[in-house]
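# A look at the structure
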Amino acid sequence: MEILKTVSKLEGIDEISVDAEKGTLTVVGEVDPVLIVKQLRKIKKGASIDSVGPKKPPEKKPEPLKVCDLPPCCKSCQLVAVPVYDDYGYGRCSIL
């Protein structure tokens with residue numbers, strides 16, 4: 001694509017992506033957005049800046065659930081799951 005070829009010549013670009021359906025060009029890096037617009041106008045492509053800001057931090061993965069934190073004296077004990085039924089016959093586990 002002519003757009004990618006033109007913009008990729010600029011210094012400080014880490015990542016470039018084009019969404020043809022939306023008609024957007026996304027550029028990530030330490031590059032002046034005005035320079036990007038100027039380069040696109042040189043090849044007769046209209047351009048406007050939608051947003052400028054720092055790179056988004058990566059999403060944190062949720063930590064796995066812990067069964068429970070045992071006190072130091074219980075580290076040598078074994079956990080035993082015991083089914084417990086309520087008055088309606090529904091079961092749930094109780095860890096002893």
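What comes next concerns the included structure. (Residues numbered from 1 in each chain as written. Predicted model: local features only at pLDDT ≥ 70, side-chain atom pairs only at ≥ 80, totals over all residues. Heavy atoms only, no water.)

A word on helix α2 (residues 33–42). Buried within α2 we find Ile-36, Val-37, Gln-39 and Leu-40. Along the axis of α2, the buried residues cluster in a sector spanning 160°; they form a single face. The exposed set on the far side of α2, more than 90 degrees from its buried face, consists of Lys-38, Arg-41 and Lys-42. Structurally, α2 contributes buried residues whose contacts are with α1 (2–7) and β2 (24–29). Two or three places before Val-34, at the opening of α2, Asp-32 has a side-chain oxygen 3.2 Å from that residue's backbone nitrogen. (Buried < 20%, exposed > 50% of the residue type's maximum accessible area, 1.4 Å probe, protein only. Helix = DSSP H or I, 4+ residues; strand = E, 2+ residues; numbered from the N terminus. Arc of directions from axis to C-beta. Contact = heavy atoms within 4.5 Å. Polar contact = N/O pair within 3.5 Å; in protein donor to acceptor, adjacent residues only side chain to side chain.)

There is a patch of nonpolar side chains on the surface, built from Val-34, Ile-49 and Val-52 and spanning about 270 Å² of accessible area. Structurally, the position occupied by Val-34 is in helix α2. For Val-34, a relative accessible area of 42% corresponds to the partly exposed category. (Patch = residues over 30% accessible without salt bridge, like charges linked within 9 Å, V, L, I, M, F, W, Y side chains within 5 Å. Areas by Shrake-Rupley, 256 points an atom, 1.4 Å probe, with all protein chains shown as cover. Salt bridge = Lys/Arg side-chain N within 4 Å of Asp/Glu carboxyl O.)

Following the sequence through the fold, Ile-3 ends up in helix α1. Under the relative-accessibility criterion, Ile-3 is labelled partly exposed at 23%. Separated by 40 residues in sequence, Ile-3 and Ile-43 place their C-alpha atoms 8.2 Å apart.

Now for the layout of surface pockets. In this structure, the largest pocket spans a volume of roughly 1100 Å³. In terms of lining residues, the largest pocket is bounded by 31 residues, among which Leu-25, Thr-26, Val-27, Val-28 and Ser-51 are the most central. Within the residue set of the lining of the largest pocket, elements represented by two or more residues are β1 (13–19), β2 and α2. Examining the composition of the lining of the largest pocket, we find that 6 residues originate from one element, β2, more than from any other. (1 Å grid on protein atoms, 1.4 Å probe; cavity = no way out; pocket = protein on both sides within 12 Å on 5 of 7 lines; lining within 4 Å. Points joined across faces, edges and corners; volume = space filled by probe spheres on them.)

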